[in-house]
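Given next are the chains, with one letter for each unit.
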Amino acid sequence: MTISYNWLSEYLPETIEPERLSRILTSIGLEVESLEKYQSIKGGLEGLVIGEVLECEQHPNADKLKLTKVNIGSGEPLQIVCGAPNVAVGQKVVVATVGTTIYPTTGDPLTMKLAKIRGVESFGMICAEDELGMGASHDGIMVLPAELKPGTPAAVHFEAYDDWVYEIGLTPNRMDAMSHFGVARDVCAYLTHHQKDVRVKTPFANGFKVDNTSLPVKVTVENAEACARYAAISISGVTVKESPQWLKNKLQAIGMRPINNIVDITNFILHETGQPLHAFDAAAIPGGEIIVKNEEEGTVFITLDGKERKLSSKDLMICNTNEGMCIAGVYGGKESGVVATTQNIILESAWFNPSSIRISSVFHGLRTDAATRFEKGVDIDNTVNVLKRAALMIKELAGGELSSDIVDVYPSPKPKTEVSLKHHYLKKLSGKNYHPDKVNRILTALGFEILKEGIDELRVAVPRSKPDISLPADIVEEIIRIDGLDNIDIPSTITISPATDQSALKENLKDKIANYLVGQGFIEILTNSITNSKYFSEETLNSSVKMINNLSADLDILRPSMLETGLETIAYNLNRKNNNLQCFEFGKTYASSGPGNYSEAEHLALYFTGVDQEESWHQKSRSLDMYKAKGIVAAILQVAGVSGLQLNLSEENPNIILIKAAKKELGSIQIVSNKQLTSFDIKQAVYFVDIDFVLLLKLVEQRKITYKEVNKFPAMQRDLALVVNRSISFDAIDQQVRKTQLSKLKHVRLFDVFESDKLGADKKSMAVSFTFEDDQKTLTDKEVDAMVGKLINQFEKELGAEIRK
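Remember, predicted model here, so these are calculated numbers, not experimental data.

**Some words on helix α16 (residues 626–640)**
For step 1, the next point in the chain: Look at α16: 21 Å from first C-alpha to last across 15 residues, which is about the 21 Å you get at 1.5 Å a residue.
For step 2, the next point in the chain: Within α16, the full set of buried residues consists of M626, K628, A629, I632, V633, A635, I636, L637 and A640.
For step 3, the next point in the chain: Put simply, D625 is the residue that caps the front of α16, since its side-chain oxygen is 3.1 Å from the backbone nitrogen of Y627.
For step 4, the next point in the chain: G641, located one to two residues past α16, shows a positive phi value of around 85 degrees.

In C-alpha cells, the structure reads:
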C-alpha cells in the first residue's frame, strides 16, 4: 500500500514530520517498509534559476560554441559557454550556476564547476530539457516565456512537486487502512490516546445539491446477494480534459498515471476513501437504465483493454438494457468507458460481495485496484457519501451539472456487528491493565459505538469499515495497536519447558555457516518465496508451483530458483548506489511433477557483485570474481567439516562451475548471464552460488569426528613450476595428484601462473607448492624427493608437463 505524506497530512489535525509519522504508523500495526523522497522532477530543480541572455557572440576558439552573458537576477551577469544552436539574445532560459547539481534524464547527476572551455571560462550551464530530467530532447536549450523575471527559482516556475512516499505492509484483514483517510483515522486515534483529543479532517462536505433532473437514472438489482447496495447519479455537460496539476501530482506520487479528469477523480477517490467508483458514458446507457445481474455462461464481453473475454455465469455484470457494460467491481467495458468526446456521465458507487469479486477477478486474471478493495470488503455505509464527494469534484474540475437525484438501491440494510469485551479478558490477552476510560477513547476514536458499559464488560457496535472484527480478541487487537505495539510489556522472567530439538544439527550448521559468512563481510537477506512467473522460461514454468489465489499479478508462483529473488534484492540496492554487495540466504525452492505432487528443496544461496576491497592509499581496488566465489565455497565446506571438495567446469555451460564432494553434486557457482542481468536492469557482473543444503547436511551427518594429536614432526615443502598447455586448469593438476595416492602429501597449493611466448606456443607455467608430513617420524630429503619424482612422472605422462628449472 502506497501512501503520500502530503496527501495524508491533509486529513491530520497537526503537522507531523515524516520520520515521526513513520514510527507512529509502524507502532499502530501499519508497518512502514520504506520511506522515500518523491520529486516530480528529479532533484527538485534545486539551485536552478531563470536567466536572461544579454549577449551572444561566437566563441573565439570554436565554430560550434557561443559565448554568452546571462543575467540571473543577482550580481554581475554570468559568462557561460553554450553549444546549443538556438541560443539567442533576449531569451529567458534555465541556468545551472556553479555548485548546482543537475539530474539528466539519462546518466548520473552532474555538479556544475567552474570550467575553462576552449580557453574561455564558463560559470555554469544553460540547460536543455534532457539535462534537467524533464524530457528526452537535446535539440537545444529550453526557451521560456518572455515575461519571466530573471532570478526566479526554476522550481517555482515549473511547479516542481516534492513529497515523501510510504510503502506500508498491510495485513490482509486491514481493508480499513487501504486509503489515505483510513490511515489518517488510525493516526488520529493514536494521537487522541497519547496526546490530546483530536479529530480526523473529513473529506466529506455538506452542501450537496442536485441542479436538475434532466438525465434521470434507473437501477435494477437482480442479484442482491452479490450487490447489497448500488448508488448512481448522472452529471451532464462535462468536459473531459487534462487534470489540474495538484491532482496529477498526488496520483503520480503514489505511482499512478494520470489519464483525464474524470478517470483521475475516480482514482483519487479510491485512494482517498478506499471506495472504488466507476464512470460510464451516459450515451452507452439507453434511457439511463442500469441492470445489475449475472450473464449467461460463455457470453462474450470486450473489456477496456480491448480483449475479448468469455464470461462465467458467476460473473456479476453491470448492464444496460441491451448488453453488459462492466464486470462489476473488476474491470470496465470498452464501449461504455469515458472518452475525450464524452459529455454526459453516470457515476456508480456500490458494495459488491467480496467472494463474488474474488471469483471474477481470479477467473479473468484481472488484479485491479478496485477488485483488491472489494475483495477485502469496503465500507457499505460510505457508498453514498463517497458518491457525493466524487460528483462535486467532477462538477468542480470538469464542469457540468448534477442532473439526477441519487439513486440508492439498498434493499436489506444489515445491523452492525456487536461485540462484548470483558476487561479481565483484555488484561489476560494484552498483559496490561487498561483503564476503562482509555479503552473508550481508543474505540470511539476508531469509529466504534459504545452500546453498553458495565463494571467488567463493554459492548460495542463495530463500524462497517472494519468487516474483519467479530470477536473480543479483535477488539483487544485494536486497543493494543493504538496503544502502540512497542508498548506491549515484556515479562521479566520467561519459563521454558525443556525439550529435545530434532533439528538441532541443522540449525547449528546454519548458525555456523552464517557466522562465518557474516565475519567475511556478508549480509544475510530474506527474500519472498513467492515471485513473478515472467522471470522464467516456459520449460521451467511447466514444473513450477503456480498460485491459484495470488494476491498480486506480480507474485503468482512459488520460486523454482533462488537466483531471481536474489537479483531483485541486488537490483534494489544497486538502484540506491549500494554497488558492492555480498549477500547470502537460506531459502527454499519449489517444484511440481504433476497435479498434487509438490516438492521443496532447501538451499544456501550466495550473491556477489562489485568490489571486494575499496581502493586506498596502500592498495588498489579488487573486484569480486569467480575465484572469490570458489574460495568462499571451499571455506564453507571446511567450516561444515566436509572434505573432498572438487570444482569442475560444466560441460554444458562454461560459465558454471559444479561443486562436488564425496562424489555427489552439491551445487554450482555461476556468472549470471547478461540476458538475466538485463531483465533486472543490472549493469555489473553478478556471481551466484547455489548449494543444496539438504545434501550438505547429509554429508555433515555422515562425517566421523575423530581426535588426532597435533603432528609434532615438521612438515617439508617442495615447489614445482610446471609448463603445460594453456587449456589445462589447476583442477586437472589436482586430479593427477589424487591419482598418485601419496598418503604423506597433505596440501597442494597453486601460488603463481606465468604466461610468455618464451615458454612456447600456447604454454603457461603453473607454480605449485606441495606439503609433506609423516606423523610417525621426520621425513628425509630422499623420501620427499621420491614422492616428488612420482608426481613429476604423473604430470609428464598424463598432462605432457615439463618441469621448469
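**Comments concerning the sheet that holds strand β12 (residues 162–169)**
For step 1, the next point in the chain: Taking strand neighbours across the sheet as the criterion, the 3 strands line up as β1-β12-β2 in an open arrangement whose pairing is antiparallel. Pairing within the sheet leaves two strands with one partner each, and these edge strands are β1 (2–4) and β2 (31–39). Averaged over all adjacent pairs, the angle separating strand axes in this sheet is 25 degrees, with direction ignored.
For step 2, the next point in the chain: Judged from the 3 bridges that link them, β1 and β12 form a sheet pairing that is antiparallel. Paired with S4 across the strands is V165, a residue of β12.

**Here we look at the sheet that holds strand β3 (residues 48–58)**
For step 1, the next point in the chain: Reading across from one edge, β5-β4-β3-β6-β11 is the order of the 5 strands in this open sheet, with antiparallel pairing throughout. At either end of the open sheet lies a strand with only one pairing partner, and these are β5 (78–82) and β11 (124–126). In this sheet, neighbouring strand axes are inclined to one another by 45 degrees on average, regardless of whether the strands run parallel or antiparallel.
For step 2, the next point in the chain: In this structure, β3 lies alongside strand β6 (residues 92–97), joined through 5 bridges in antiparallel fashion.

**Remarks on the nonpolar core**
For step 1, the next point in the chain: Among the nonpolar cores identified, the biggest contains 74 residues, and L21, L25, V187, I394, I475 and I479 are the most heavily contacted of them.
For step 2, the next point in the chain: In contact with L21, other than residues within four places in its own chain, are Y5, L8, L12, I16, Y166 and V187.
For step 3, the next point in the chain: Grouped together as the second largest cluster of nonpolar side chains are 36 residues, V292, C319, V407 and V409 included.

**Focus on the packing of helix α6 (residues 261–273) against helix α9 (residues 383–398)**
For step 1, the next point in the chain: Here α6 crosses α9 at 145 degrees, and the two axes come no closer than 10 Å. Remark: the crossing between α6 and α9 carries right-handed chirality. Facing α6, whose interface residues are N261, I262, I265, F268, I269, E272 and T273, α9 presents V386, R389, A390, M393, I394, L397 and A398.
For step 2, the next point in the chain: Here the contact of α6 with α9 is composed, by residue class, of 10 nonpolar, 2 polar and 2 charged.

Cut-offs applied
Residues numbered from 1 in each chain as written. Predicted model: local features only at pLDDT ≥ 70, side-chain atom pairs only at ≥ 80, totals over all residues. Heavy atoms only, no water. Helix = DSSP H or I, 4+ residues; strand = E, 2+ residues; numbered from the N terminus. Expected span 1.5 Å × (residues − 1). Buried < 20%, exposed > 50% of the residue type's maximum accessible area, 1.4 Å probe, protein only. Polar contact = N/O pair within 3.5 Å; in protein donor to acceptor, adjacent residues only side chain to side chain. Pairing = 2+ DSSP bridges. Axes fitted to C-alpha atoms, helices over the stretch in contact; angles between N-to-C directions. Core = buried A, V, L, I, M, F, W, Y, C linked by side-chain atoms within 4.5 Å. Contact = heavy atoms within 4.5 Å. Left-handed = near helix turned anticlockwise from the far one by under 90°. Nonpolar A, V, L, I, M, F, W, Y, C, P; charged D, E, K, R; others polar.

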